[in-house]
Amino acid sequence: MILIGRSNWVLPRRWKLWSLPRPALSYVLGVDAVAVIITALALASTVSGARTGVRPTEWVAFAVLAAASVLHLESARGIERRREMAANTSPYTNLKSLWVFAGLLLLPLSLVVALIVVSYGYSWIRVYGRTIAHRKVFSASTFILASAAAAGVLRGGGLLTEPRVPTGPWTLLVVLGAAATWWLVNFALVIGAILLSSPDATARGALGDLADQLVVVAGLGLGVAVAALQASYPWVVPILMVTVLTLHRDLLLPQYQRAAGTDVKTGLATPAYWASAVPAELARAETLRSSVGLLMLDLDKFKEINDTYGHPAGDQALRAVGESVRAEVRQGDLVARVGGDELAVLLPGASEAEVLEVAERIRDRLSTLSVSVDTATESTAVITGVPASFGAAVYPDVADTMDQLVLAADNALLSAKRDGRNRIVAARPNPPAVTEHTEQPVGD
């Protein structure tokens, strides 16, 4: 657990692991320890248990699955790297489960653990790049615990020897139960880590988009198909690889598209994504004769955080601000980072009263926000309160176009700054222009 990047070794006392809140640290270390115990027991069972060693056919199956897993990761590493960079406070879904569950049906648990290590080890080197080591070790540990639980279901259902592919209604039901157990254990362990690591995270936010979990379900289903083919028609597995890669792209394309419009530092939408979303929403509102609210917020004196604690600390505080803003907006609202420390919130269908209510919730939360950051002196500091000024505008009340709406919200934001900061100002409609009429003399 001492590799932070591809080739960067750090002293144990500087591991990012130790910056976790104490409950999260105990939880992560506990899961890692259980995974180590399961690995040791699996190895002992393989060496001196009822079965003696690994059969040649199982070594072949392990080699095929390991090679397929590596080729899969290599071919999809562009998408996976971008998705990993955008991962924030919700479960990060992937298709490693495909090869792991196939291995679970074909191999003893000790080789399943080895397959997990190969998969995460390779993706660590080639996919993730510079990342936080303990997160990847923890992810691998959740896979090991989920695999052990699923193996227990298989054995409890009477599938004692490999290969354990379904051959009838009962065995199919057992395999489906094992797959459901694998998913549930892995998902629950990850959700627990998210909630303990982020004190401000909500259960709803930690669950993320449950539709994304269809990726894992699809992976488990493909794992059953791969195991069945490997057990009976191993030469068909390379052909199935083409299908797997195509499904990987189609299943993860929506996530990739979201990631492509996601700011890496905050997990919020990028300015480019924002610039395309606003006119689309205004056009939709015009068609439906509806409204669109816009909030522009600028963090007050945020430069002082960077100057006092360093830019990495400022990035940590900015991410915490982004999470806080997203926690207070409505379902379907879009939060974007449109500048260095300037955020924007698009609220489809919102009236001025609703926009101001959301703004007040965000303002209250940021005023009392407490963020633990790493300083330039390698110590930890707690920043209390990250106040912001807000400008609010509503289409079509104060604007007819995107440019007018943004300008109205910006002008209101400037007024909030001038009036003392940490306040909310709503844009008002411009009074209609008055045209003076001059009586012309009537000629003879």
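Quantities reported herein were computed from a predicted structural model and do not represent experimental measurements. (Residues numbered from 1 in each chain as written. Predicted model: local features only at pLDDT ≥ 70, side-chain atom pairs only at ≥ 80, totals over all residues. Heavy atoms only, no water.)

### Considering helix α11 (residues 271-288)
In this model α11 runs 26 Å from its N-terminal to its C-terminal C-alpha over 18 residues, within 8% of the 26 Å that 1.5 Å per residue would give. Those residues of α11 hidden inside the fold are in contact with β1 (292-299), β2 (334-337), β3 (342-348), β6 (388-395) and α15 (402-418). Once α11 ends, the next one or two residues include Arg289, with phi positive near 55°. (Helix = DSSP H or I, 4+ residues; strand = E, 2+ residues; numbered from the N terminus. Expected span 1.5 Å × (residues − 1). Contact = heavy atoms within 4.5 Å.)

### With respect to the sheet that holds β3
Spatially, five strands are ordered β2-β3-β1-β6-β7 in an open sheet, and the strand pairing comes out mixed. The strands lining the two open edges of the sheet, one partner per strand, are β2 and β7 (424-426). Averaged over all adjacent pairs, the angle separating strand axes in this sheet is 20°, with direction ignored. Here eight bridges tie β1 to β6, and the two strands are oriented antiparallel to one another. The residue of β6 that forms the bridge with Gly293 is Val394. Strands β1, β3, β6 and β7 of the sheet are contacted by helix α14 (residues 352-367), whose axis makes an angle of about 165° with β6. (Pairing = 2+ DSSP bridges. Axes fitted to C-alpha atoms, helices over the stretch in contact; angles between N-to-C directions.)

### A short note on the pairing of β6
For β6, the buried fraction is high: eight of the eight residues fall into the buried class. Of the two faces of β6, the one holding Ala388, Phe390, Ala392 and Val394 and the one holding Ser389, Gly391, Ala393 and Tyr395 are both buried throughout. In terms of strand pairing, β6 meets β7 through three bridges, oriented parallel. Note on β7: the bridge partner recorded for Phe390 is Ile424. Assessed by its sense of winding, the connection that carries the chain from β6 through α15 to β7 is left-handed. (Buried < 20%, exposed > 50% of the residue type's maximum accessible area, 1.4 Å probe, protein only. Right-handed = clockwise from strand over helix to strand, strands pointing away.)

### A few points about the packing of aromatic side chains
A complete count under the given rule lists five aromatic pairs for this structure. When the ring of Trp59 is compared with that of Phe62, the centres are 6.2 Å apart and the planes differ by 85°; the resulting orientation is edge-to-face. With Trp59 and Phe62 both in helix α2 (residues 56-75) and three residues apart, the pair spans about one turn of that helix. You can call Phe62 buried: its relative accessible area is 14%. (Phe/Tyr/Trp six-rings, centres within 6.5 Å; stacked < 30°, edge-to-face > 60°.)

### Overview of the UniProt feature "transmembrane region" (unreviewed entry) in the protein
Here, the residues flagged by UniProt with the feature "transmembrane region" (unreviewed entry) are residues 24-47, 59-79, 99-125, 137-158, 170-198 and 210-229. Helix makes up 100% of residues 24-47 and strand 0%, and the two end C-alpha atoms of the span are 35 Å apart. Summarising residues 99-125: 93% helix, 0% strand, and an end-to-end C-alpha distance of 19 Å. (UniProt positions renumbered as here; feature names shortened; annotations may be inferred.)

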